[in-house]
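Per-entry structural report
One letter stands for each residue in the lines below.
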Amino acid sequence: MRRSRDLVWIPVFAVLVAFAVPWPLWGVDRVAVGLPVWIWWHVGWLGLCTLVFRSFVRSGAWERGMGVDTPDSGERGGGADAATDGVERR
């Protein structure tokens, strides 16, 4: 069962995918700090994607979307234990 607040992630990820390619920088030969500007676009965009994905996972939408039922799904402190389904690592 999807929650309505989880549906907000669909357009968010669609925007991230749409702007992953630096459309406005095609044909631009500018260089900044020794690298083409389009590479800096990608560096910045990957940083933004990292922050968005972190928010996505911390919101619990990942577990709900994957159908994983974790006992501490309301708490965000035990993420590593929830990911291993209670299996102890050595």
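Structural notes, computed from the coordinates. Remember, predicted model here, so these are calculated numbers, not experimental data. (Residues numbered from 1 in each chain as written. Predicted model: local features only at pLDDT ≥ 70, side-chain atom pairs only at ≥ 80, totals over all residues. Heavy atoms only, no water.)

Some points on the overall build of the protein chain
Secondary structure summary: the protein chain contains four helices and two strands in total. Ordered by position in the sequence, the α and β elements of the protein chain form the string α-β-β-α-α-α. The buried share of the protein chain, taken over its 90 residues, is 17%. When contacts within the protein chain are restricted to residue pairs at least 6 apart in sequence, long-range pairs at least 24 apart make up 41% of them. Accessible area of the protein chain: about 7200 Å², with a carbon and sulfur share of 64%. (Helix = DSSP H or I, 4+ residues; strand = E, 2+ residues; numbered from the N terminus. Buried < 20%, exposed > 50% of the residue type's maximum accessible area, 1.4 Å probe, protein only. Contact = heavy atoms within 4.5 Å. Areas by Shrake-Rupley, 256 points an atom, 1.4 Å probe, with all protein chains shown as cover.)

Comments concerning a nonpolar patch on the surface
A cluster of nonpolar side chains, namely Val15, Phe19, Val21, Trp23 and Trp26, defines an oily patch on the protein surface of about 520 Å² accessible area. When you line up the elements, tryptophan 26 lands in the loop between helix H1 (9-18) and strand E1 (31-32). (Patch = residues over 30% accessible without salt bridge, like charges linked within 9 Å, V, L, I, M, F, W, Y side chains within 5 Å. Salt bridge = Lys/Arg side-chain N within 4 Å of Asp/Glu carboxyl O.)

Comments concerning the packing of aromatic side chains
The final tally for this structure, using the stated rule, is six aromatic pairs. Seen in terms of ring centroids, tryptophan 9 and phenylalanine 56 are 5.3 Å apart; in terms of plane orientation they differ by 80 degrees. Their pairing is edge-to-face. Highlighted residues: tryptophan 9 in helix H1 and phenylalanine 56 in helix H2 (residues 37-58), separated in sequence by 47 residues. The class for tryptophan 9 is buried, based on a relative accessible area of 15%. When the ring of tryptophan 41 is compared with that of tryptophan 45, the centres are 6.0 Å apart and the planes differ by 15 degrees; the resulting orientation is stacked. (Phe/Tyr/Trp six-rings, centres within 6.5 Å; stacked < 30°, edge-to-face > 60°.)

Topic: H2
Every α-helix winds through 3.6 residues per turn, so residues three or four apart in the chain are directed the same way. The end-to-end C-alpha distance of H2, which contains 22 residues, comes to 32 Å, matching closely the 32 Å that a straight helix rising 1.5 Å per residue would cover. Here H2 has its buried residues at Trp45, Val52 and Phe56. Buried residues of H2, viewed axially, fall in a sector of 50 degrees; they line one side. Away from its buried face by more than 90 degrees, H2 exposes Leu46, Thr50 and Leu51. Where H2 is buried, its residues contact H1 and helix H3 (61-66). Positive phi shows up at glycine 60, right after H2, with a value of about 90 degrees. (Expected span 1.5 Å × (residues − 1). Arc of directions from axis to C-beta.)

Digging into the environment of leucine 35
Within the element layout of this structure, leucine 35 appears in strand E2 (residues 35-36). Residue leucine 35 is classed as partly exposed on the basis of its relative accessible area, which comes to 34%. Beyond its immediate chain neighbours, meaning those up to four positions away, leucine 35 contacts Arg30 and Trp40.

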